[in-house]
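Observations on chain architecture
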Amino acid sequence: MGNRAEEDYNFVFKVVLIGESGVGKTNLLSRFTRNEFKQDSRTTIGVEFSTRTVTLGTAAIKAQIWDTAGLERYRAITSAYYRGAVGALLVFDLTKHQTYAVAERWLKELYDHAEATIVVMLVGNKSDLQQAREVPTEEARMFAENNGLLFLETSALDSTNVELAFQMVLKEILTKVSKQRQSSSRTNAITLGGAQAGQEQGPGEKRACCISL
Amino acid sequence: MEEEPLVIFVSGEDDPEKAEERKKSEELRSLWKKAIHQQILLLRMEKENQKLEASRDELQSRKVKLDYEEVGVCQKEVLITWDKKLLNCRAKIRCDMEDIHVSLKEGVPKSRRGEIWQFLALQYRLRHRLPNKQQPPDISYKELLKQLTAQQHAILVDLGRTFPTHPYFSAQLGAGQLSLFNLLKAYSLLDQEVGYCQGISFVAGVLLLHMSEEQAFEMLKFLMYDQGFRKQYRPDMMSLQIQMYQLSRLLHDYHRDLYNHLEENEISPSLYAAPWFLTLFASQFPLGFVARVFDIIFLQGTEVIFKVALSLLSSQEALIMECENFESIVEFLKTTLPDMNTSEMEKIITQVFEMDISKQLHAYEVEYHVLQDELQESSYACEESEPVEKLERANSQLKRQNMELLEKLQIAHAKIQSLESSLENLLTRETKMKSLIRTLEQEKMAYQKTVDQIRKLLPADVLANCEPLLRDLNCNPNNKAKTGNKP
């Protein structure tokens, strides 16, 4: 059906980008939402967000993606923004083992502040730097499998798998939502798990269906 | 510097051959001398050249560093008054604060900005002395640079992401990034509690653009310790949370419509103002504006951030109100707001000079702690099985109630004060009245006595004539009341 107008969508999915400082979260976001990569991007202080509307099958989905600062002490501020997220990309830098070694801690942080039903993908970024790789693909894949996470390796620099990564996460969320929808009555607000008022309930959004956890 | 060539000839005096030889050796010697002189000259020239180049480089780097558009044009007279003040700076003389305030308001030439900041810091320190406990450890910059920091990785990751588009900092491991690294490393070693925190690199960067590394280190220490900016970077980031609350309260009290609009769209200050506080506006706003904000910070300290934030938001209130949803508001605050034109920025700066919010900030901070304590108490009391959503709704309701109650409390306090003062008034009036009554009664008694005496002295017939008159006299209101009481 091609790209729809920005305002015309069936669902709003909130997705958060988490992971250590400097793994490339901001560039993954700008690659996905604006098809841009900045060599000279600024340090993210606090939280930023960006949106893009994509079509999956017959559903138009507005992905509201939140980019959070990776520095540990910022989590006091950033973790508040995990609330209501239905998807997460846990990003590490595959050329820096340390950023992968702490994935488990990030996962715990996420589950502490978001719903357990949240869709999570482990993302090894900077796959363009093969010669500097420190994290073997298989090792990361195993970790993802054992923890029930999706897994992909991406490069925000040369675009490899960026689109696919977000699409996979959004699709998985959509599948969950559709199942939920079949079993629940046809209410306007759809939820996975506990119900909560969403952010997007303006009167202008006629066709919007809010989803939040 | 000049040295004789180290050639020693063993010479025989009389031999003509030897004379010939001597001649030759003399020639050789002079040639040597010449060569050496020239060599020395060359070396000197090279040195001079290097010096020249260095000074040109310095000029060039100064030019590169100060490559930003100024907000507010600084008049020549202002420059002259600054020069005079800077002269005083060396003598550590206390300057009149009002006077400094006026000059600062008129502008700061960017070529003198670094010196002026150091001057302001000195003036501040002459007036506010930090208690010993809060002083930074006394370790020199050079000493710190020799050590290794545990924060090395975190600092390195941010080097290329601090003012990435500014010519001084953009070159990978160029002069700018190296200085920045040194400065951040030294600070992380000096302040072990804070270490390195994202945000500091922008503050350090702004300082480096205006002064040498060592001076920048001294000024970073000033901002962090003397003015207390380091609190917001501590690992628990508690102070930042308080600041977010204070900003929210300021909006609530002074820009209610805007506050409601942001609340309705679930936009809390931490979403847009965290970088304002953590980088002192340096990460998003144009350098000319940032430099101007720093001017005022060096004079007044942390509350400047609130003033600028408030002024920014209120100046754009109409446009923010036009944004209808969460996304467009955030977009406006993050992108459009920092992109305003120079004249708008000038207006903001002028406004900031006029503001005084220190009392409010203090009150809100106290309030925050009270609220926090109450929240904690109530959370102990709550049952854990209650659904989070319900608790959150109750929480937000309680927060709102709390705010309303606090407002009422403020009003009540004001009322009590006015009542107390009117009570005091009444009491003094009462005592005055009482004393008046006493004197009146005394007077009355005196009159009564006189009348009695007169009555005794007068013959009976005259007395009979006077009787109605005397009766009238007895009929004053006081007597009436008394007779009324005694039926």
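Residues numbered from 1 in each chain as written. Chains lettered and ligands numbered in written order. Predicted model: local features only at pLDDT ≥ 70, side-chain atom pairs only at ≥ 80, totals over all residues. Heavy atoms only, no water.

Named according to an unreviewed UniProt entry, chain B is TBC1 domain family member 4 originating from Mustela putorius furo. Under Subcellular location (unreviewed entry), UniProt gives the following word-for-word description of chain B: "Cytoplasm". (UniProt positions renumbered as here; feature names shortened; annotations may be inferred.)

Looking at an unreviewed UniProt entry, chain A carries the name Ras-related protein Rab-25, with the source organism given as Mustela putorius furo. The heading Subunit (unreviewed entry) in the UniProt record of chain A holds the text "Interacts (GTP-bound form) with RAB11FIP1, RAB11FIP2, RAB11FIP3 and RAB11FIP4. Interacts (via the hypervariable C-terminal region) with ITGB1 (via the cytoplasmic region); the interaction is GTP-dependent. Interacts with ITGAV. Associates with the integrin alpha-V/beta-1 heterodimer. Interacts with VPS33B." UniProt's Sequence similarities (unreviewed entry) comment on chain A is quoted here verbatim: "Belongs to the small GTPase superfamily. Rab family."

**Notes on the overall build of chain B**
In terms of helices and strands, chain B carries 23 helices and 0 strands. Whereas a compact globule of 487 residues would reach a radius of gyration of roughly 23 Å, chain B reaches 41 Å, over 25% beyond that. Along the first, second and third principal axes, the C-alpha set of chain B runs to 175 × 75 × 45 Å. By the burial criterion, 39% of the 487 residues in chain B qualify as buried. Partitioning the contacts of chain B with sequence separation of at least 6, the portion at a separation of at least 24 is 79%. Only carbon and sulfur atoms are counted for the fraction: they give 54% of the accessible area of chain B, which is about 29600 Å². Taken together, the 61 basic and 74 acidic charged side chains of chain B have centroids lying 8 Å from each other. (Helix = DSSP H or I, 4+ residues; strand = E, 2+ residues; numbered from the N terminus. Rg over C-alpha atoms; globule rule 2.2 N^0.38 Å. Buried < 20%, exposed > 50% of the residue type's maximum accessible area, 1.4 Å probe, protein only. Contact = heavy atoms within 4.5 Å. Areas by Shrake-Rupley, 256 points an atom, 1.4 Å probe, with all protein chains shown as cover. Lys, Arg positive; Asp, Glu negative; His and termini not counted. Charge placed at Lys NZ, Arg CZ, Asp CG, Glu CD.)

**Focus on the packing of helix 3 (residues 97-106) of chain B against helix 4 (residues 113-127) of chain B**
Residues and elements named next belong to chain B. One way to put it is that helix 3 packs onto helix 4 with a least axis distance of 12 Å and a crossing angle of 155 degrees. As far as their axial angle goes, helix 4 and helix 3 are roughly antiparallel. In terms of crossing hand, the pair formed by helix 3 and helix 4 is left-handed. Taken together, the residues of helix 4 that come into contact with helix 3 (itself represented by Met97, Ile100 and Leu104) are Phe119, Leu120, Gln123 and Arg127. Here the contact of helix 3 with helix 4 is composed, by residue class, of 5 nonpolar, 1 polar and 1 charged. (Axes fitted to C-alpha atoms, helices over the stretch in contact; angles between N-to-C directions. Parallel < 35°, antiparallel > 145°, perpendicular 65-115°, else oblique. Left-handed = near helix turned anticlockwise from the far one by under 90°. Nonpolar A, V, L, I, M, F, W, Y, C, P; charged D, E, K, R; others polar.)

**Comments concerning helix 4 of chain B**
Over its 15 residues, helix 4 of chain B extends 21 Å from the first C-alpha to the last, a length consistent with the 21 Å expected when each residue adds 1.5 Å. For helix 4 of chain B, the set of buried residues is Arg113, Gly114, Ile116, Trp117, Phe119, Leu120, Ala121, Gln123 and Tyr124 of chain B. (Expected span 1.5 Å × (residues − 1).)

**Digging into unusual backbone geometry**
Residue and element names in this part refer to chain A. We note that Asn35 has phi near 55 degrees; this positive angle belongs to a residue other than glycine. Here Asn35 lies in the loop between helix 1 (25-34) and strand 2 (47-56). At Ser159, a residue that is not glycine, the phi angle is positive and equals roughly 75 degrees. Here Ser159 lies in the loop between strand 6 (150-153) and helix 6 (162-183).

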